[in-house]
Amino acid sequence: MKKIFLLLSFVTVIYTGTAQQTVDCNVATSQSYLNINNIKAYLSSSGEVWSRGANDLVPSYIVNTNEAGLKLSTIFTSAIWLGAVDEASGALKVAANTYRQSGNDFWPGPINDETKSTDFEQCNNYDKHWKVNKTNIDKFKAGAQLTDDQKKEIYKWPAKSNPHIYFNHLNQVMAPFVDVDGDDIYNPDNGDYPKIKGDQAIWWLINDVGNTHTESAGAALGFEVKKMAYAYVDEQRLKNSTFLEVTITNKSNNNYKDFLLGHWIDFDLGNFNDDFIGCDTLNAIGYAYNGDDFDESTKGFGYNAPLQGCQFLDVPPNYYNTKNKMYAFVYYINHFNDIGTPGNVQQYHTYLQGIWKNGLPITYGGNGTAGRKVTPYMYSGNPSDPNGWSECSVPNEPADRRMVMSSGKYKFAAGETKTWTMAMHTIPNVGGTCPNIQPLIDKAKYAKVFYDRFLLTDIDDFSIESTTLYPNPTSSKLYFNTTASIKSIEVFDVYGKRILQKNINSIYVNVNGLSKGLYYANLFSNDGKVYKAKFIKSSIN
Ligand SMILES: [Ca+2]
Ligand SMILES: [Ca+2]
Ligand SMILES: [Ca+2]
Ligand SMILES: [Ca+2]
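Conventions we followed
Residues numbered from 1 in each chain as written. Chains lettered and ligands numbered in written order. Predicted model: local features only at pLDDT ≥ 70, side-chain atom pairs only at ≥ 80, totals over all residues. Helix = DSSP H or I, 4+ residues; strand = E, 2+ residues; numbered from the N terminus. Rg over C-alpha atoms; globule rule 2.2 N^0.38 Å. Buried ≥ 20, exposed ≤ 12 C-beta atoms within 10 Å, placed from the backbone. Contact = placed C-beta atoms within 7 Å. Axes fitted to C-alpha atoms, helices over the stretch in contact; angles between N-to-C directions. Parallel < 35°, antiparallel > 145°, perpendicular 65-115°, else oblique. Nonpolar A, V, L, I, M, F, W, Y, C, P; charged D, E, K, R; others polar. Pairing = 2+ DSSP bridges. Arc of directions from axis to C-beta. Domains from an automatic or database assignment.

**Regarding the overall build of the chain**
Within the chain, the secondary structure is distributed over five helices and 28 strands. Whereas a compact globule of 541 residues would reach a radius of gyration of roughly 24 Å, the chain reaches 24 Å, a difference of no more than 12%. If one aligns the C-alpha atoms of the chain with their principal axes, the spans along those axes are about 70 × 60 × 50 Å. Every one of the 541 residues in the chain was classed for burial, and the buried ones make up 47%. Look at the contacts in the chain between residues 6 or more apart in sequence, and 68% of them connect residues 24 or more apart.

Shown next as structure tokens:
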């Protein structure tokens, strides 16, 4: 069955502050996909992330959910929404795509540092995705032979001033790279290589100044958005998970307040017409599950519907300096009523804030409109808990669902850059009605530990070295087999959970408090290097 949209019957155009852009960039056309870790996920060079792309009804997020090779999708399309208030003028500005039926708010390519704008040709030049596999970077670093296609991954990487890019490439901060010769310019002839995360990464960038915002009708913010989607091959506990890093630079002359970033997602769990959604506020997850026990049609998962979640893994510190990484979670239906599709700049912004289109707050219980207790989080209970607030406990009629999970609020000064990392997690073959979402929570918790351990310690590749510890196995003292002076140590168990972190002022660490087993250690030296090692703790103390 074909998915039916409600078309916008009208768009209320509200000019909020400065004049609209006169740049005439073309609509984005590039499409690429991650194909790693059991996932095939499409990406667009517009404001979308997981995207059905130009081909309209291609499912965007395909998970190989069973051994027979059944390939079904959990997400129809998703996008990043941005909204902020200009501190000087008080004008509200929004950039937010959905299906791009009525227009666009984002275009491909960077914003020039000098002109603070872009142009038709530059948007076209950057209407691309750059895909890199870590195995090819490793080969390049080792001086091994690369095929022409493998070479392209390294030589065409759109990093600062790369001389191997055929078009007029900007001399400004672009794709991340390891600057082996330290001259602040990317040139693989001198050994430089892409600095990616994961075992496969796709990098691209977009802007909101390339033309008039015809979807939200919001005034342009002047933001450049760099994105990197990535995943791992050999982390069994992150099977069926992908990551997305979103780096936003305010290239306008405006200082903004009340900035909110939203991930808007139209989950379609197999058959789109029988879904439920919910959120877990403690772990910053928005998720979808099947609203009944059978997911019918050729697109359906049958009796084995999965859980599909999106997690804010790492967000910038907000106004309130809280650890609560989700500002709001709103669901809406495919309708133009008060809890339906947003139609103008104010309505996109109210959803980012966890407020209904008519300006009224979400209230706890029922459909979120008739209670007394105000909350920014819709359906925050576990569906398996009859006393929690979920679509199951209400109960609702399963149908098509969309959601927005937001992060904020932030100040966003002119010239400032902020980074968000999100993770997508699929739990296959869950089935049943009102499933317990604990497996999704467990996966999200593990992803957080994994991220903090491997990624947040963001030190250039070549300063990470391997070392050994002795005696190994040990029952108590572990000596460092390095001449470097070690200032601190972190120890992780095999699940990636950090169980020891301490400062060191000797040539050994005492691990007699650990239980028997295999451990991984990061040793931090006084000269800024990280040494990785593993050891076995024996049972005798
Ligand atoms: Ca260089
Ligand atoms: Ca479904
Ligand atoms: Ca059904
Ligand atoms: Ca949906």
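Once you've had a look at it, read on.
**Concerning the packing of helix α2 (residues 134–141) against helix α3 (residues 148–155)**
When two helices pack together, their arrangement is given by the angle between their axes and by how far apart the axes lie. Look at α2 against α3: their axes get within 10 Å of each other, and the N-to-C directions meet at 85°. Here α3 runs roughly perpendicular to α2, going by the angle between their axes. Across the interface between the two elements, N136, I137, K139 and F140 of α2 pack against Q150, E153 and I154 of α3. Of the residues assigned to the contact of α2 with α3, the class counts are three nonpolar, two polar and two charged.

**Considerations on the sheet that holds strand β2 (residues 39–44)**
Reading across the sheet, the four strands line up as β1-β2-β3-β4 and stay open at both edges, with antiparallel pairing between neighbours. Of all the strands in the sheet, the pair left with one neighbour each is β1 (31–36) and β4 (71–73). Within the sheet, the average angular offset between the axes of one strand and its neighbour, ignoring direction, is 25°. By the bridge criterion, six bridges tie β1 to β2 in an arrangement that is antiparallel. Bridge assignment links Q31 to a residue of β2, and that residue is S44.

**Here we look at α2**
N136, I137 and F140 are the residues of α2 that are buried. For α2, the angular spread of the buried residues around the axis is 100°, confining them to a single face. Looking one or two places after α2, you find G143, whose phi comes out positive at around 75°.

**Here's the deal with the environment of N358**
The topology assignment puts N358 in the loop between α4 (345–352) and β19 (402–412). Judged by the 11 C-beta atoms lying within 10 Å of it, N358 is exposed. A C-alpha to C-alpha distance of 9.6 Å links N358 and Q346, two positions twelve residues apart in sequence.

**Things to note about the domain arrangement of the chain**
One frequent convention defines the size of an interface as the accessible area lost when the parts assemble. Taken domain by domain, the chain comprises domain 1 (31–105 + 202–455) and domain 2 (465–537). Distance from the C-alpha centre of domain 1 to the C-alpha centre of domain 2: 39 Å.

**Side note on the sheet that holds strand β22 (residues 469–470)**
Strand order in this open sheet of three strands is β22-β23-β26, and the pairing throughout is antiparallel. Looking at which strands have only one partner, the edges of the open sheet turn out to be β22 and β26 (508–510). Relative to strand β23 (residues 477–480), β22 is paired through two bridges, and the arrangement is antiparallel. By the bridge assignment for β23, Y470 is matched with Y479.

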